[in-house]
Amino acid sequence: MSYENSQRLPTGQNGLPRSVSKLAAFAASMPEASVNSACGALAGAASGIVTCPLDVIKTKLQAQGGFRPRVNGSNVARTRTYTGLIATAQTIWRQDGLRGMYRGLGPMLVGYLPTWAVYMSVYSGAREYYYDRLGQFGHKQVSTQ
Amino acid sequence: MEDNKFLAQVYASVTAGACSTIVTNPIWVVKTRLMSQVGATASKDSRTPWHYKSTIDAFRTMYRTEGLGSFYSGLAPALLGLTHVAIQFPLYEYFKLRFTGLEMGQNDPSNQSTSHWLSILAATFLSKICATTATYPHEVLRTRLQIQLRQRKIDYKIAKSSPLGVPPEGPRYRGVVTMARTILQEEGWRAFYYGMGTNLIRAVPAAMTTMLTFEALKRAVHRLQDEAHDQENA
């Protein structure tokens, strides 16, 4: 299935400088599936950086009960290290600083990159496939994918 | 016609979600383990029984000590999460089409207005909130089932010596439907949405960042492609 450049709307001059022409030629040679993969991967990286601290807080809140030492099978420590969103952020900051906030960023980026690379390219391809299967939508001249 | 289109988008979302879940589940398991481990300055109570030096160390150690299966723990609930994308993306398509006349991944390079980006943010905001609201109750049910198992274990082992006394017999919830009914009777419908605020604070900015970056990059690529075609035609 080839759907290169099919999402592009025709335009006239768009005023890009000449120096980008090599990059432009490269972009034009990329199949749409690769474009979706690459854009998806970078989108995943961006959202990973934005949400890593929030994810760390959420994971700590969810996981904290699981590690308490037990005596005779019952929880001894009844105090919670982490309570609310802000208090948890403060605790992490005090204990581990900025590094603590971005703990797990590596696997998070390693995770978000393929998640969105796979998602975006499969979604676009599958959408095209199911559009064809489930009925003709009279492919619009300019903006069909 | 439009119904079919919506259905096609639902199918596409499920297909894409299943593919990306199977590819990335091992990474999410490692992520959760690394995030829940804490530094040496933490109190004994909150220290984890493992300590990985790095992401690669985590992969190696888990593979060596626990085997390949450990990377696919939690796959079933992760696949349940497909209902989430099956709502989010078709709705995003719907809102984006209404606001801009374009589908996801499509753009009009000649349109320079900021309202285009505001439309994308609004479409993401609305679709993400709808998807979360619709699928959040199942997360609450899942959590209740998970903690119930642990409580039962404690109940029957230590109940007699516990100062709290012997708990009522049997598990509180039997089966998902009965459980949902019991929660509704005992606590009201709001109980299905406990913790959703915290969840939204994380999920909505994440989705907005993802979609805005994706659409902006696609637009940049399409502009470059236009540039190349203009040069060819010149």
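The rules we used
Residues numbered from 1 in each chain as written. Chains lettered and ligands numbered in written order. Predicted model: local features only at pLDDT ≥ 70, side-chain atom pairs only at ≥ 80, totals over all residues. Heavy atoms only, no water. Helix = DSSP H or I, 4+ residues; strand = E, 2+ residues; numbered from the N terminus. Contact = heavy atoms within 4.5 Å. Phe/Tyr/Trp six-rings, centres within 6.5 Å; stacked < 30°, edge-to-face > 60°. Buried < 20%, exposed > 50% of the residue type's maximum accessible area, 1.4 Å probe, protein only. Patch = residues over 30% accessible without salt bridge, like charges linked within 9 Å, V, L, I, M, F, W, Y side chains within 5 Å. Areas by Shrake-Rupley, 256 points an atom, 1.4 Å probe, with all protein chains shown as cover. Salt bridge = Lys/Arg side-chain N within 4 Å of Asp/Glu carboxyl O. Expected span 1.5 Å × (residues − 1). Arc of directions from axis to C-beta. Core = buried A, V, L, I, M, F, W, Y, C linked by side-chain atoms within 4.5 Å. pLDDT = per-residue confidence, 0-100.

Lay out the overall build of chain B in plain terms, naming residues and giving numbers.
Within chain B one finds seven helices and zero strands. Seen in sequence order, chain B has helices and strands lined up from the N terminus as α-α-α-α-α-α-α. Sequence separation of 24 or more characterises 70% of the internal contacts of chain B that already satisfy a separation of 6 or more.

Could you give an account of the packing of aromatic side chains, naming the residues involved and the relevant values?
Residue and element names in this part refer to chain A. Scanning all chains against the criterion turns up eleven aromatic pairs over all chains. Taking the centre distance of 5.1 Å and the plane angle of 75° together, the rings of Tyr129 and Tyr130 count as edge-to-face. Note on Tyr129: relative accessible area 39%, which makes it partly exposed. Since its relative accessible area comes to 18%, Tyr130 is described here as buried.

Could you give me a rundown of a nonpolar patch on the surface, with the residues and numbers involved?
A surface patch of nonpolar side chains, about 270 Å² in accessible area, is lined by Leu85 and Ile86 of chain A together with Ile201 of chain B. By the secondary structure assignment, Ile86 of chain A is in helix H3 (residues 85–101).

Kindly report on helix H2 (residues 55–66) of chain B, identifying the contributing residues and their values.
Because an α-helix completes one turn every 3.6 residues, residues spaced three or four positions apart along the sequence face the same direction. Here H2 of chain B contains twelve residues, and its C-alpha end-to-end distance of 16 Å stays within 8% of the 16 Å for a straight helix at 1.5 Å per residue. Listed as buried for H2 of chain B are Thr55, Asp57, Ala58, Thr61 and Met62 of chain B. Here the buried residues of H2 of chain B occupy an arc of 150° about the axis, which is enough to place them on one side. Relative to its buried face, H2 of chain B has exposed residues pointing more than 90 degrees away, namely Ile56, Arg60, Tyr63 and Arg64 of chain B. Tucked inside the fold, the buried residues of H2 of chain B contact helix H4 (105–133) of chain A together with helix H1 (2–36) of chain B.

Can you break down the side chain of Thr132 of chain B residue by residue, with the values?
All names here are of chain B. By the element assignment, Thr132 lies in helix H5 (residues 115–158). By relative accessible area, which is 2% here, Thr132 ends up buried. In contact with Thr132, not counting residues within four places along its chain, are His84, Met196, Asn199 and Leu200.

Explain the pattern of salt bridges residue by residue, including any values.
Considering all chains together, one arrives at eight salt bridges over all chains under this definition. Salt-bridge contacts for Arg103 of chain A lead to Asp96 of chain A; the nearest nitrogen and oxygen are separated by 3.8 Å. Classification of Asp96 of chain A as buried rests on a relative accessible area of 18%. Salt-bridge contacts for Arg127 of chain A lead to Glu103 of chain B; the nearest nitrogen and oxygen are separated by 3.8 Å. Of this pair, Arg127 of chain A sits in helix H4 while Glu103 of chain B sits in the loop between helix H4 (82–100) and H5, on two different chains. Here Arg127 of chain A falls in the buried class, since its relative accessible area comes to 0%. For Glu103 of chain B, a relative accessible area of 4% translates into the label buried. Salt bridges linked by common partners bring Arg127 of chain A together with Lys5, Glu93 and Glu103 of chain B together as one network.

Hey, could you go over the nonpolar core for me, with residue numbers and the actual values?
The tendency in soluble globular proteins is for nonpolar side chains to be buried as a group. The biggest cluster of nonpolar side chains holds 40 residues, and the ones touching the most others in it are Tyr119, Met120 and Tyr123 of chain A together with Phe89 and Met104 of chain B. Those elements giving two or more residues to this core turn out to be helix H1 (21–29), helix H2 (32–63), H3 and H4 of chain A together with H1, H4, H5 and helix H7 (196–233) of chain B. Tallying contributions element by element places H4 of chain A first for this core, with nine residues. Membership of the second largest hydrophobic core comes to seven residues, among which are Val30, Leu34, Ala58 and Phe71 of chain B.

Tell me about the confidence of the model for chain A, and please be specific about residues and values.
All names here are of chain A. For chain A, the average pLDDT comes to 76, and 65% of its residues sit at 70 or higher. Averaged pLDDT values over the elements of chain A bottom out at 52 in strand E2 (residues 74–75) and peak at 91 in H4. Below a pLDDT of 50 lies the segment residues 1–6, which in the model reaches 19 contacts outside its immediate sequence neighbourhood of four places, other chains included. This stretch, residues 138–145, has a pLDDT under 50; its non-local contacts, to residues over four places away or in other chains, come to 21 contacts.

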